[in-house]
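The chain contents come next:
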Amino acid sequence: MFGQVTTPSNESARMNLVSSNSGRINAKTGHMTFYHPVYEHKGNTLSADSGYIYENEIKQQFFEAFGNVVITQPSGTVIYSDYLHYDASSQQARLRGNVKMVDRNSVLTTNFLTYNMRSKVGTYTGGGRIITQTDTITSRNAYYFENTGDAYFRHKVIVRNPSVKVYTDTMRYNSLSKNTYFFGPTNIKGNNQENLYTERGVYNTGTGVANFNKQNLYTEGSRLLKGDSLHYDRDSGIGKAFRNVIFVDTVDKFYAYGGKGEYRQSEESILMTEKPYIITVVQNDSDSTQTDSAAISPPVTAPIEEKKTKKEVTKTVDQSSSVTNTAQNPDVVNKPLLVNSKPEPKVDSVYMTADTLFSRMILAKEYVPLNLNLDRNGGQLIEEAEEDYGEDEEDTILAEGTEGAIQEEGLQVVGKTNEKVLQKPNETTKKTTAPKITSNNTSGNRHGEGRKEIDNTLKADSILRQRAIIPEAGHADSAINKALKIAQQPTSNDSSTTAVSDTSRTRIVKAYYNVRLYKSDLQAVADSVYYGMQDSMFRFMGRPMIWAENSQISADTIYMQILNQKMDNALLKENAFMVNALTDSTKFNQLKGRKITAFFANNSIERLFVDGNAENLVFSVNDKNNIVTEMFHDRGGRIKVFMEDKKIKDYFTIKKVDQKVYPFNLVTQENEILPGFIWRPQDRPKSKEDLLNRKRELPKDTEVKGEKEDSDENSSTSKPIEKKVEETQESTEENN
């Protein structure tokens, strides 16, 4: 015996009329039309001003309803509209005209909504909005999943709340978690000129936390931060970028690169780690045919009297006049120093790296510039106990954002209404309960006054979407490239002469631990560097060394000041030493003193002063056979050198002068090196790549303090360099 196949009863899927005021048969269609009917279907209640049910050939029911349509679900969700077409078998509802769906977490309004009451999935394609307790979202198309609280928005998507406005074309939103997921170009605009751009990521509108991972860019005014990954916390105002990080400030013409960057909005600071480096654009002389290296090379070629014979073992120069003029030997001193026949570019880039780079904005009035008391005439001699080298003589010769928030003109009423809803959610988003429908009361299921409000908001949203500017793909790259182009344009303004107001701000830069600097014709290393844009002063601290061509400069502290993108002055403080290697790198010209002061004109040394046990040791080389012939040793209280066209014009030694000439056969290992001599070409950065991938060698008994400290903590890492700056400034002011 065959088993009997059973099918579900059609009665369980049929709509039941609960009540109506009256009904009549339409003569044309033959349908029974009811007035103020209330139907029940699978736990859902459907009511309207009027409506009728009809069936197709396979007995599927369809419900057409007109005017003040209300659908109430067991979950508490209520849907209002002006028109309804309902398929009972699929439980698919198509609603039109002033559609409003209210559930526990949100309110959806549109003019066209398709909603499945079985799966609880709704769709609109003609424009609409969803309002949650914190956010108002409008778009042209959307898919809403009531069970999970997820909604997918497409085309001209705009999210608004008191903190941000979001503009995108593709987005997923969860009304429970407040997470927004982006899958295309997106702008998130804050109230303080900040803008977040991404093409893929998640942003929580409640907590303000963002995590982006494609084409990410943070912008605040003139400052931009870009990275492969970007994390931002709105409450703390901290943005973190990871991998291929770029930071640019177009106003200060400051930009930096690194593997990790942290921007703090409150103090306008950037902390860069993981092979960070900054680039500074400097201006060269367009009419020069020599490189900048000549500008800082020590003019160690000194005058030697031709009448002195080479056979003399040690011959003291005639000291009847302690001032030795270059006119005595023009063949020696008038040779250009480190001449390069290649024309130099109008601008050049200076790369600087360290374990940690930190920069921030401070009030200009709070910045304390170093008072080095430098005098282009040399200033007062250092009074200290010195060796007596001879008779005393006196000489008195001498640095897009983003578009602004979209103005919503003409939407004041809507804006104010939304603002109230967002700021006081408890008053306007109270849980909506299903209206109680009975056969004795069929007129209470109306959204009445809400229809006009829905119509107004939908019209306003349509205008808002028309005016909205949705970002285009690749915006992050184009914006950062534009900012870099602006930052790389040198300016002729001298910031040090600009009047300082109570509100004007300036940038400071700190680099600490293993600082390296590279320029095509200049390289440097130090433990730490401090730079202030207000006076354009670099402070190199912690065994600093600078190289140019075959020259090396070292001191306990080195100060270099740049004005109008050109070198203006430099001070080598304590144990100042300048070394110039000869061609074969076996002999070294040397210049030393307690301090060395150099002044520049057109990026070249114009005058130089060596003070405090000043010494100059020079080897003379025969130009024909390139053989060292003799050594000149000069000592005094001060050595002064005057340059013109990168040639020595005048050379003076004053106060306790002692000058000797040694034939080459009497040059020994003891007298060819001045006390304190050091030569470390192995520490010199050789290229930009070498700058980033190699640190200088440290003496075995030296350990850089703080290398193991956490460089992410600004307060802790910045203390050593700040203390050094203060101590160095105090010492400098006392000694000058």
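The shown structure was predicted, so the numbers you read here are calculated from the model rather than taken from an experiment.

Another point: the overall build of the protein. Per the secondary structure count, the protein includes eight helices and 43 strands. In the protein, which comprises 736 residues, the proportion classed as buried is 54%. Entry remark: accessible area of the protein is about 33700 Å², with carbon and sulfur atoms responsible for 47%.

Per the stated rule, a full pass over the model turns up 26 salt bridges. A salt bridge links Arg223 to Asp249, with the nearest nitrogen and oxygen atoms 3.6 Å apart. Linking Arg223 in strand S23 (residues 223-227) with Asp249 in strand S25 (residues 238-249), this pair joins segments that are 26 residues apart in sequence. Of the two residues, Arg223 and Asp249, neither departs from the other in class, the shared state being buried. Its salt-bridge partner being Lys660, residue Asp658 comes within 2.6 Å of it at the nearest N-O pair. Each of the two residues, Asp658 as well as Lys660, counts as buried. Within this structure, Arg223, Asp249, Asp252, Glu268, Arg505 and Arg507 form a network of salt bridges that share partners.

Turning our attention to the confidence of the model for the protein. Averaged over all residues, the pLDDT of the protein is 77; the fraction at 70 or higher stands at 72%. Across residues 286-343 the pLDDT falls below 50, and counting only partners more than four positions away or on other chains, this stretch makes 147 contacts in the model. Within the model, the stretch residues 389-445 combines pLDDT values under 50 with 112 contacts to residues more than four positions away or in other chains.

Tracing the backbone shows Ser222 in the loop between strand S22 (216-220) and S23. Judged by its relative accessible area of 14%, Ser222 is buried. In this structure the side chain of Ser222 is engaged in a polar contact, spanning 2.9 Å, whose partner is the side chain of Asp249.

Turning our eyes to something else, we now look at the packing of aromatic side chains. Counted by the stated rule, this structure contains 23 aromatic pairs. Judged by centre distance (6.3 Å) and plane angle (85°), the ring pair of Phe609 and Phe642 falls under edge-to-face. Here the residue Phe609 occupies a position in strand S40 (residues 604-622), and Phe642 occupies one in strand S41 (residues 627-644), the gap between them amounting to 33 residues. Accessibility classification places Phe609 together with Phe642 in one group, the buried group. The side chain of Arg172 reaches across the aromatic face of Tyr181, ending 4.3 Å from its centre. Across from the ring centre of Phe652, 5.7 Å away, lies the NZ or CZ of Lys640, which sits over that ring.

Take Ser20: it is sitting in the loop between strand S1 (16-19) and strand S2 (22-25). In this structure, the C-alpha to C-alpha distance between Ser20 and Asp49, residues 29 residues apart in sequence, is 9.5 Å. In this structure Ser20 touches Phe34, Tyr35, His36 and Pro37, once residues within four positions along its chain are discounted.

This part covers the nonpolar core. Counting residues in each nonpolar core, the largest one holds 95 residues, and the members touching the most others are Leu84 and Phe153. Sequence-distant contacts of Phe153, defined by excluding residues within four places in its chain, comprise Tyr124, Ile130, Ile137, Ser139, Asn141, Ala142, Asp169, Thr170, Met171 and Tyr173. The next biggest cluster of nonpolar side chains, apart from the first, holds 19 residues, and it includes Leu217, Tyr351, Ala483 and Leu691.

Judged by how many residues are buried, strand S37 (residues 557-563) sits mostly within the fold: seven of seven residues are covered. Burial along S37 is two-sided: Thr557, Tyr559, Gln561 and Leu563 and Ile558, Met560 and Ile562, pointing in opposite directions, are all buried. Inspection of the sheet shows S37 paired to strand S38 (residues 566-581) by seven bridges, in the antiparallel sense. Each bridged residue has a counterpart across the sheet, and for Leu563 the counterpart in S38 is Lys566. If you look at the hairpin formed by S37 and S38, you'll find two residues sitting between the two strands, and Asn564 has a positive phi there, around 55°.

Rules behind the numbers
- Residues numbered from 1 in each chain as written.
- Predicted model: local features only at pLDDT ≥ 70, side-chain atom pairs only at ≥ 80, totals over all residues.
- Heavy atoms only, no water.
- Helix = DSSP H or I, 4+ residues; strand = E, 2+ residues; numbered from the N terminus.
- Buried < 20%, exposed > 50% of the residue type's maximum accessible area, 1.4 Å probe, protein only.
- Areas by Shrake-Rupley, 256 points an atom, 1.4 Å probe, with all protein chains shown as cover.
- Salt bridge = Lys/Arg side-chain N within 4 Å of Asp/Glu carboxyl O.
- pLDDT = per-residue confidence, 0-100.
- Contact = heavy atoms within 4.5 Å.
- Polar contact = N/O pair within 3.5 Å; in protein donor to acceptor, adjacent residues only side chain to side chain.
- Phe/Tyr/Trp six-rings, centres within 6.5 Å; stacked < 30°, edge-to-face > 60°.
- Lys NZ or Arg CZ within 6 Å of the ring centre and 35° of its normal.
- Core = buried A, V, L, I, M, F, W, Y, C linked by side-chain atoms within 4.5 Å.
- Pairing = 2+ DSSP bridges.

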